[in-house]
Amino acid sequence: VQLQAFGGGLAQAGGSLRLSCAASGRTSRIFITGWFRQAPGKEREFVANIRRDITRAHYADFVKGRFIISKDNAKNTVYLQMNSLQSEDTAVYYCATAHFIGSAYYNRSSSFASWGQGTQVTVSS
């Protein structure tokens, strides 16, 4: 599976951005798609994920109520709508996919085999 993430850019605090993650290749093997982010000097952290077969999503506590993950299986694309952006959201955002994994591993970056190239999100205060 090959992934391409795009949609990042510069936003003001309180503003919005929408990221997209387009998958190609053996997309039928995708079980779950996740978004992770990494800020300078910090470790990569889980943001949100969504399974391909059901709609229910999972979010990190720090984005609940602000970010929304969604999907379009026909387009093999997963979106991350980011609202009420804060300066702390500044990071490189990565999308990743995994084959079947147990729910205990949904938010672990080590569980995801395929990664996109990352897209920079910068929020100015």
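Here, the structure is the one placed above.
Below you will find a few notes about this structure.

Thresholds, definitions, all that
Counting of residues starts from 1 at the beginning of each chain's written sequence and follows it residue by residue. With the structure being a predicted model, the display of local features is reserved for residues of pLDDT at least 70 and the display and counting of side-chain atom pairs for 80 or more, all residues being used for whole-chain, interface and lining totals. Side-chain figures throughout are based on the complete set of non-hydrogen atoms in the structure, without hydrogens or water. What counts as a disulfide here is a pair of cysteine sulfur atoms lying within 2.5 Å. To qualify as a helix, a DSSP run of H or I must reach at least 4 residues; to qualify as a strand, a run of E must reach at least 2; elements of each kind are numbered from the N terminus. Here the term buried applies to any residue with accessible area under 20% of the maximum for its type, exposed to any over 50%, and partly exposed to those in between, with areas from a 1.4 Å probe on protein chains only. When DSSP locates at least two bridges between a pair of strands, those strands are taken to pair. Structural elements are reduced to axes, namely lines fitted to C-alpha atoms, with helices fitted over the stretch in contact, and the angle between N-to-C directions of any two is expressed from 0 to 180 degrees.

**Details of the state of the cysteines**
With the rule as written, the count across this model stands at 1 disulfide. In this model Cys-21 forms its disulfide with Cys-95; the gap between the sulfur atoms is 2.2 Å. Across the S-S bond of Cys-21 and Cys-95 the torsion is about 75°, and the bridge reads as right-handed. In this pair, Cys-21 sits in strand β3 (residues 17-24) while Cys-95 sits in strand β9 (residues 91-98), placing the two residues 74 residues apart along the sequence. When sorted by exposure, Cys-21 lands in the same class as Cys-95, which is buried.

**Some thoughts on the sheet that holds β3**
Strands sit in the order β1-β3-β8-β7 across an open sheet of 4 strands; the sheet is antiparallel. Since the sheet does not close on itself, it has two edges, and those belong to β1 (2-6) and β7 (67-72), each with one partner. Across this sheet, the average inter-strand angle for adjacent strands is 15°, counted without regard to direction. Bridge count between β7 and strand β8 (residues 77-82): 6 bridges; the pairing is antiparallel.

**A few points about unusual backbone geometry**
For Asn-76, which is not glycine, the phi dihedral falls at a positive 50°. With a phi close to 50°, Ser-84 is a non-glycine residue in the positive phi region. Tracing the sequence through the fold places Ser-84 in the loop between β8 and β9. Judged by relative accessible area, which is 41%, Ser-84 ranks as partly exposed.

Structural measurements only, silent on function.
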